[in-house]
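In case you want the letters, here they are:
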Amino acid sequence: MSQQGAAQNQTDISGYLDTLWLERGLSENTLAAYRRDLVMTAQWLEKHSQGQMALLEADNEALIDFMAQRKTAGVSDRSAARWLSTLRGIYRHMIFSQRLVDDPTQKLEHPKLGRSLPSSLSSEQVETLLAAPDVTTAIGLRDRTMLEVLYASGLRITELVTLGLANVNQRQGVVRVVGKGNKERLVPTGETALDWLSIYLRDARLTLLPQGGSVLFPSRLGRIMTRQTFWHAIKKYAMQAGIKKSISPHTLRHAFATHLVDNGADLRAVQMMLGHSDLSTTQIYTHVAQQRLKQLVQEHH
């Protein structure tokens, strides 16, 4: 493909993502995932056609070939479904903009996805994880407080690391969060997390941020921590706590929701705290609770 064709691909992808950002307020992480899928597809089409096929020139046959190749390579159905949704999005956008006449993904079958239950932790595992950081150090005290707030509020990791000092109202016991789609919500935080927050603000934050600033949980360099940095810290503490099961960046968030539902919390209240726009997303935690009940019955009867 000529340099002009490659540049056109980049222009088309960036223009589409800019539209998504403006219209739907998607997060940087979501937009980055969409960009990776679209750039990967454009590069494959270029190689597959010996430089003759741009992203907006793709036909049904080429996309079927690409989908089959990814399936053979072991790409999960969930990743394939996200890729197809991303591709359909840009083609429908181009049809609406009168850049295309037909959607080349029309005949591609959407992978059938089972309803997967989120990975969670037992109350005992959560306690050992929370106790893993060395709170005699400023970094350890920061991390213990972050874990406590994460579990007590059900925040996403991105929401946690971007919290500002002004986002926390200790007197009212709430955290103001700006979540997906720039939607703001107030999330109540437990007394234990608030206690740790008071200790951290008194004993550690100024050590980590001597020059001052608005970020609540600064990195070692006094900046906003990346989500990857704290995710690696969680994995390290899980190993120290002897937690063998696979965990994800959302594990404590899932534990927060699961334990609330297990103890009879109203599903609508959990939905509001998690920032889910659709109740059906939250309803998966009722399935988690049912699974745990079944496991308890099998263990004791």
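As a starting point, this report considers the structure included with it. (Residues numbered from 1 in each chain as written. Predicted model: local features only at pLDDT ≥ 70, side-chain atom pairs only at ≥ 80, totals over all residues. Heavy atoms only, no water.)

Side note on the sheet that holds strand β1 (residues 168-169)
Phase 1: As summarised here, the arrangement of the 3 strands in space is β1-β2-β3, forming an open sheet in which the pairing is antiparallel. Two strands close off the open sheet at either side, each with one partner strand: β1 and β3 (184-188).
Phase 2: Two strands pair when backbone bridges link them, and strand β2 (residues 174-178) and β3 are joined in this way by 5 bridges, in the antiparallel orientation. Across the sheet, V178 pairs through a bridge with E184, a residue of β3. (Pairing = 2+ DSSP bridges. Helix = DSSP H or I, 4+ residues; strand = E, 2+ residues; numbered from the N terminus.)

Considerations on the pairing of β2
Phase 1: Here β1 pairs with β2 via 2 bridges, running antiparallel. Opposite V168, over in β2, you have V175 as the bridge partner.
Phase 2: The loop that links β1 with its antiparallel partner β2 comprises 4 residues; one of these, G173, has a positive phi angle of about 70 degrees.

Overview of the packing of helix α3 (residues 60-72) against helix α4 (residues 77-96)
Phase 1: Direction vectors running N to C along α3 and α4 enclose 160 degrees, while the axes themselves pass 11 Å from each other. Between α3 and α4, the crossing angle belongs to the class labelled roughly antiparallel. Between α3 and α4 lies a crossing of right-handed hand. Contact residues: L63, F66, M67, R70 and K71 in α3; D77, S79, A80, W83, L84, L87 and Y91 in α4.
Phase 2: Grouping the amino acids of the contact of α3 with α4 by side-chain chemistry returns 8 nonpolar, 1 polar and 3 charged. (Axes fitted to C-alpha atoms, helices over the stretch in contact; angles between N-to-C directions. Parallel < 35°, antiparallel > 145°, perpendicular 65-115°, else oblique. Left-handed = near helix turned anticlockwise from the far one by under 90°. Contact = heavy atoms within 4.5 Å. Nonpolar A, V, L, I, M, F, W, Y, C, P; charged D, E, K, R; others polar.)

Considering the side chain of D12
Phase 1: By secondary structure assignment, the location of D12 is in helix α1 (residues 3-24).
Phase 2: Aside from chain neighbours lying at most four places away, what touches D12 is L56, I90, M94 and R99.

As for the nonpolar core
Generally speaking, soluble globular proteins have nonpolar side chains that are buried together.
Phase 1: In this structure, L160 and F230 are the most contacted members of the largest nonpolar core, which totals 41 residues.
Phase 2: Only α5 (123-130), α6 (138-153), α7 (157-161), β2, α8 (191-203), α10 (227-240) and α11 (251-262) provide two or more residues apiece to this core.
Phase 3: Broken down by element, the residue count for this core peaks at 8 residues, all from α6.
Phase 4: Each residue touching L160, except ones within four places of it in the same chain, is listed here: M146, V149, L150, L155, F217 and F230.
Phase 5: With 28 residues, the next largest nonpolar core counts L55, A62, L63 and M94 among its residues. (Core = buried A, V, L, I, M, F, W, Y, C linked by side-chain atoms within 4.5 Å. Buried < 20%, exposed > 50% of the residue type's maximum accessible area, 1.4 Å probe, protein only.)

Things to note about α5
Phase 1: Considered for burial, the residues of α5 that qualify are V126, L129 and L130. The buried residues of α5 occupy an angular sector of 95 degrees when the element is viewed end-on, so they sit on one face. (Arc of directions from axis to C-beta.)

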